[in-house]
Amino acid sequence: MPELVKERDKYADHLLCSGHTACPGCGQSLAARLVVRAAGRNVIIVNSTGCLEIFTSKYPESAWEVPWLHSLFQNTAAVASGVEAALSALGRLEKVRVIAQGGDGSTFDIGFGAISGMFERGHDILYVCYDNEAYMNTGIQRSGSTPTYARTTTSPPGKVSLGNLRPKKDLPQIAAAHGIPYVAVASVGYPMDLDRKVRKALSIRGPKYVQIHVPCPLGWGTDPSRTIDYARLAVNTGLYPLYEVEDGVTKALRIPRRAPVEEYLKGQVRFRHLFEGAGRKEEIAEIQKVADRNIERYGLIAE
Amino acid sequence: MKITLGAVTRPGGSRVNKTGAWRTAGKPHFLQKNCIGCDVCALSCPEGCIFGTGQKTYYANEDFCKGCGICANVCPVHDIEMIPEEAEDA
Amino acid sequence: MLKGRMIQGCRAIAEAVTLCRPVVISAYPITPQTLIVEELASMVAEGELKAEFINVEGEHSAASLVLGSSATGVRVFTATSSQGLLYMGEVVFNIAGMRLPVVMVNANRSVSAPLNIWNDQQDSMSMRDSGWLQLYAENNQEACDLIMQAYRIAEDHRVMLPVMVCVDGFVLPHAFEVVDLPSQKDADAFLPPYQPLYKLDPDNPYTMGAFAEPDKYMETRYMIERTMEASIPIIEEIASEFKRAFGRPSGGLFEKYRVDDASTMVVALGSMAGTIKDVVDELRNKGERVGVLRLITYRPFPKEALYEALKGAQNIVVMEKALSLGGSSPVATELRSVFHGRPASPRISGFVIGLGGRDVTVDDVKATIAKAQQQLTDMGFIGLRTDLELEGINA
């Protein structure tokens, strides 16, 4: 091992450092590290209750090298509003950026009111949602972000059910409807794009929303080594379109390599019930339709 | 150990927690043969425990590596293999 | 000759808050707190109060917002009532656990259901377990004084706990009384700028709001409990300092009115003490040895001081605008514990009165005292109507 390399191994660069207790292969831990890496040291992070909070802040160990606060589950956007207001009053908002972050549980559901209020008031805050499509920290229960037919513990498939029957709430569009200056959808499968979007968001004043798709090997039932693969497949099927809405104008990323939804669904235990026996062709076709609609709506395939 | 008001902590204390002890299945072995120094392995590690400063200098800090295998999977030139835990690193 | 000016309570409270120089204010309107926040908004709009004034979408967010600002190291203020206080309940506990010196004015109001916007103290009583200090004002002068003292107490490094100043809704904020407010210069001399112990700052990063496992959590609650106990002399110290600075007694643990040789002592919180004092005077004129102890600091419950003040009585009559349904009335219950196993053992009777804004009259007070003197009562209801049929209840 070249000595030069060992020198650098001092963790100086990592603002979310090693020793956190996320599951091996956790998409959220990777995304969170990339977000704070893009943000730099001059940030204050407000975090909701959830996996990210739990695996980084077991007293007295903390994986955070930047100022970080956790309050409750549903109030992150409001607490961040308070941090921002204080910084504004102190004249420090120019230099110190505020990030509010949480999972889909705290963003789509319980914290929905608070995030809407934060958007409406125009606070200079970047809200990052790590979307793993269920309440993972409490044991994989269904959220407003859980896609149709996914298995969760509170929407399990059984003799008379095929899993979650509701469609995924379209939070990026709801954020855009608030008229905030920047909304972006990213994926941990495309880290450089994620990085670009976070940096871009932080260069803009006002409320910003960045939603990041992050596979959860435990909750989805996927191979931990394939976290990046599954994130990319979600994008490549069209199920998770990556786009930005800047001042009302939408710009989407073309799909790098189109894939049918089966390729994405079949390796995940949470969709396994769709492939048992003869397979649920109709339901898979419905999911394909969702992907096709996204492709058309956002122009994800080059003409 | 002191319990602070409101259980406030200083940064970075998680490094005492050597998550390398979690590994059971395997650990990454960097072949240093095809490496083009793209940094994707380091970028993609959820633990942030892969380091390198150019072609054929990358390695994983085994104190923290949980053996998830993402690095081996994303390396575009297949220069990382997951080897058994007991194996010596080349 | 009273010093001061005739001013509506909400305006006086808003001016008192302004004198304390809060940097961030956030609140959500709820009757009867609304006038307070409206006055504050007006003062900000007129440039009289230089603070970030933020209208939020609900009380849970109002409390959360001031939590975030306080954690960033600035002085904050919020106000609420009733349902709003209950709605922000989890944040209230959170603020105390995080040891943030937030000051809140709670305009005491009853709780739903049924909906009732008028004064009683059920709302703040429901938060008595939260780790907040609770101070109860009798009149608007004291409300203003307590707000200033509250910041001193909360921000004292020996305390670092949030303080709730309770004012009887409608009775105080909406009423016009003569209130004397100090100059900004004198207020600044009494209340210096806030010096946080820990704050969110990239130049000196901290992690706040960690999760504590079973092997550590219990100690954090023990720390708050011990701090609450230790804050009792600090409350007295600050009240004395206030008296020296502004020339009037205000705040402290309780006010004793003609209790020194009283054989019957009434204990009460808030504005109804005013009515009780009138009754005490009337009964004293008839030769009865009655007095009233008006409890100002309810949390922490000043056990030793109360024991000393009340031990000479034969009858203690606790009158409360609150109750713990299915249990007993809060202050009476805690007072009984104070005397448990001690040499002095007065008869302690508890009464619930004035819920949902029902008037506490001179006759009611007399009837309560007479009842307690006749018969030891665990929890009696005073002033219930006898002309109504109550479904499911046998008379």
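Residues numbered from 1 in each chain as written. Chains lettered and ligands numbered in written order. Predicted model: local features only at pLDDT ≥ 70, side-chain atom pairs only at ≥ 80, totals over all residues. Heavy atoms only, no water.

## Some details on the overall build of chain A
Thought 1: Per the secondary structure count, chain A includes twelve helices and ten strands.
Thought 2: Taken over C-alpha atoms, the radius of gyration comes to 19 Å for chain A, in line with the 19 Å a tight globule of 303 residues would show.
Thought 3: Expressed along its principal axes, the backbone C-alpha trace of chain A runs to roughly 65 × 50 × 40 Å.
Thought 4: Counting over 303 residues, chain A shows a buried share of 62%.
Thought 5: The long-range share in chain A, meaning contacts at least 24 apart out of those at least 6 apart in sequence, stands at 70%. (Helix = DSSP H or I, 4+ residues; strand = E, 2+ residues; numbered from the N terminus. Rg over C-alpha atoms; globule rule 2.2 N^0.38 Å. Buried < 20%, exposed > 50% of the residue type's maximum accessible area, 1.4 Å probe, protein only. Contact = heavy atoms within 4.5 Å.)

## A word on the sheet that holds strand β6 (residues 133-136) of chain C
Thought 1: Pairing is mixed across the open sheet formed by seven strands, whose spatial order is β3-β2-β4-β5-β7-β6-β13 (chain C). Every interior strand has two partners, whereas the edge strands, β3 (52-55) and β13 (297-299) of chain C, have only one. Going across the sheet, the axis of each strand differs from the next one's by a mean of 20 degrees, ignoring polarity.
Thought 2: Pairing analysis gives four bridges linking β6(C) to strand β7 (residues 163-168) of chain C, with the strands arranged parallel. Bridged to C:Leu135 within β7(C) is C:Val165.
Thought 3: Helix α4 (residues 76-89) of chain A contacts β2 (24-27) and β3 of chain C of the sheet and is inclined by roughly 155 degrees relative to β3(C). (Pairing = 2+ DSSP bridges. Axes fitted to C-alpha atoms, helices over the stretch in contact; angles between N-to-C directions.)

## Some remarks on the packing of helix α2 (residues 27-39) of chain A against helix α8 (residues 191-202) of chain A
Residue and element names in this part refer to chain A.
Thought 1: Taken N-terminus to C-terminus, the directions of α2 and α8 make an angle of 45 degrees; their axes are 9 Å apart at the nearest point. Comparing their axes, α8 and α2 come out oblique. For the pair α2 and α8, the crossing hand works out as right-handed. The residues of α8 that touch α2, namely those facing Ala31, Leu34, Val35, Arg37, Ala38 and Ala39, are Pro191, Leu194, Asp195, Val198, Arg199 and Leu202.
Thought 2: Looking at the contact of α2 with α8 residue by residue, the class counts come to nine nonpolar, no polar and three charged. (Parallel < 35°, antiparallel > 145°, perpendicular 65-115°, else oblique. Left-handed = near helix turned anticlockwise from the far one by under 90°. Nonpolar A, V, L, I, M, F, W, Y, C, P; charged D, E, K, R; others polar.)

## Looking at the sheet that holds strand β15 (residues 347-352) of chain C
Residues and elements named next belong to chain C.
Thought 1: Taken in spatial order, the six strands of this open sheet run β10-β12-β11-β14-β15-β16, and their pairing is mixed. Each having just a single partner strand, β10 (254-257) and β16 (380-381) make up the two edges of the open sheet.
Thought 2: Sheet topology places strand β11 (residues 264-269) next to strand β12 (residues 290-295); six bridges connect them, and they run parallel. Each bridged residue has a counterpart across the sheet, and for Met265 the counterpart in β12 is Gly291.
Thought 3: Here helix α13 (residues 362-374) sits on the sheet and contacts β11, β12, β14 (315-320) and β15; the angle it forms with β15, its principal contact strand, is near 145 degrees.

## Notes on the environment of C:Thr227
All names here are of chain C.
Thought 1: Structurally, the position occupied by Thr227 is in helix α9 (residues 214-246).
Thought 2: For Thr227, a relative accessible area of 12% gives the class buried.
Thought 3: Considering only alpha carbons, one finds Thr227 and Ala212, 15 residues apart in sequence, at a separation of 19 Å.
Thought 4: The contact partners of Thr227, leaving out residues within four places of it in the chain, are Arg99, Arg158, Val159 and Leu161.

## Quick notes on the packing of aromatic side chains
Residue and element names in this part refer to chain A.
Thought 1: Applying the stated criterion across every chain yields a total of 14 aromatic pairs over all chains.
Thought 2: Ring centres of Phe73 and Tyr135 lie 6.4 Å apart, and the angle between their planes is 75 degrees; this geometry places the pair in the edge-to-face category. Residue Phe73 is located in the loop between β2 (68-70) and α4, and its partner Tyr135 is located in the loop between β4 (125-131) and β5 (157-158); the two are separated by 62 residues in the primary sequence.
Thought 3: Phe73 sits in the partly exposed class, given a relative accessible area of 30%.
Thought 4: Judged by centre distance (6.4 Å) and plane angle (90 degrees), the ring pair of Trp220 and Tyr264 falls under edge-to-face. Linking Trp220 in helix α9 (residues 217-221) with Tyr264 in helix α11 (residues 261-265), this pair joins segments that are 44 residues apart in sequence.
Thought 5: Residue class for Tyr264 comes out buried when judged on its relative accessible area of 3%.
Thought 6: Three or more aromatic residues joined by ring pairs make a cluster, and in this case those are Phe119, Tyr127 and Tyr209. (Phe/Tyr/Trp six-rings, centres within 6.5 Å; stacked < 30°, edge-to-face > 60°.)

## Concerning the environment of C:Met148
Residues and elements named next belong to chain C.
Thought 1: Along the polypeptide, Met148 turns up in helix α7 (residues 140-155).
Thought 2: Sequence separation of Met148 and Glu241 is 93 residues, and the distance between their C-alpha atoms is 12 Å.
Thought 3: If we skip the residues at most four places from it in the chain, Met148 touches Cys20, Pro182, Ala187, Phe190, Leu191, Phe242 and Phe246.

## Considerations on the interface of chain C and chain A
Thought 1: Taken together, the 35 residues of chain C in the interface contact 40 residues of chain A.
Thought 2: With both chains or domains summed, chain C and chain A bury close to 2,800 Å², and 65% of this area falls on carbon and sulfur atoms.
Thought 3: Looking at the side of chain C facing chain A, the largest losses of area belong to C:Pro202, C:Thr207 and C:Phe211, adding up to 21% of the total buried there.
Thought 4: Counting across the chain C and chain A interface gives four salt bridges. (Buried area = accessible area lost by both parts, 1.4 Å probe. Salt bridge = Lys/Arg side-chain N within 4 Å of Asp/Glu carboxyl O.)

## Let's talk about the environment of A:Gly25
Thought 1: As for its position among the elements, A:Gly25 is in the loop between α1 (3-8) and α2.
Thought 2: Taking the C-alpha atoms as reference points, A:Gly25 and A:Tyr243, separated by 218 residues in sequence, lie 25 Å from one another.
Thought 3: Contact partners of A:Gly25, with chain neighbours within four places excluded, come to A:Pro217, A:Pro224, A:Thr227, B:Pro46, B:Cys68 and B:Ile70.

## Quick word on the interface of chain A and chain B
Thought 1: The interface is formed by 39 residues belonging to chain A together with 38 residues belonging to chain B.
Thought 2: In total, chain A and chain B occlude about 3,300 Å² of area from one another, counting both sides; carbon and sulfur atoms represent 58% of this.
Thought 3: Here chain A and chain B share one salt bridge between them.
Thought 4: Close ionic contact of A:Glu65 with B:Arg15 constitutes a salt bridge, the shortest N to O distance being 2.6 Å.
Thought 5: Counting residues per element, the side of chain A that touches chain B draws most heavily on α2(A), which supplies five residues.
Thought 6: Looking at the side of chain A that touches chain B residue by residue, the class counts come to 20 nonpolar, ten polar and nine charged.

## A word on helix α12 (residues 330-339) of chain C
Residues and elements named next belong to chain C.
Thought 1: By the criterion of burial, α12 is predominantly enclosed, with seven of the ten residues buried.
Thought 2: Within the sequence span of α12, burial applies to Pro330, Val331, Ala332, Glu334, Leu335, Val338 and Phe339.
Thought 3: Of the residues flanking the end of α12, it is Gly341, one or two places downstream, whose phi is positive at about 75 degrees.

## Considerations on unusual backbone geometry
Residue and element names in this part refer to chain C.
Thought 1: Cis peptide bonds are those with omega within 30 degrees of zero, and the linkage from Ser112 to Ala113 qualifies with -5 degrees.
Thought 2: Structurally, Ala113 is set in the loop between β5 (103-108) and α6 (122-125).
Thought 3: Not every positive phi belongs to a glycine, and Arg258 is a case in point at roughly 55 degrees.
Thought 4: With respect to the element layout, Arg258 can be found in the loop between β10 and β11.
Thought 5: What makes Arg258 partly exposed here is its relative accessible area of 38%.

## A few points about the state of the cysteines
Residue and element names in this part refer to chain B.
Thought 1: One pass over the structure, following the stated rule, counts zero disulfides over all chains.
Thought 2: With no disulfide partner, Cys49 has as its closest neighbouring cysteine sulfur the one in Cys45, 3.8 Å distant.
Thought 3: No disulfide involves Cys71; its sulfur sits 6.3 Å from the nearest other cysteine sulfur, which is in Cys68.
Thought 4: On the basis of relative accessible area, Cys71 is assigned to the buried category, the value being 8%. (Disulfide = S-S within 2.5 Å.)

## Examining the pattern of salt bridges
Between side chains of opposite charge, a pair can form as their charged atoms come close.
Thought 1: Using the criterion set out here, one finds 56 salt bridges over all chains in the structure.
Thought 2: A salt bridge links C:Glu15 to C:Arg11, with the nearest nitrogen and oxygen atoms 2.9 Å apart. Of this pair, C:Glu15 and C:Arg11 both sit in helix α1 (residues 9-19), four residues apart, which is roughly one turn of that helix.
Thought 3: With a closest N to O distance of 2.8 Å, C:Glu241 and C:Arg152 form a salt bridge. One end of the pair, C:Glu241, is in helix α9; the other, C:Arg152, is in helix α7, with 89 residues separating them in the sequence.
Thought 4: For C:Glu241, a relative accessible area of 24% gives the class partly exposed.
Thought 5: Its relative accessible area of 17% is what places C:Arg152 among the buried residues.
Thought 6: Three or more residues are tied together by salt bridges with common partners; here these are A:Asp193, A:Arg196, A:Lys197, A:Lys200, A:Glu244 and A:Glu246.

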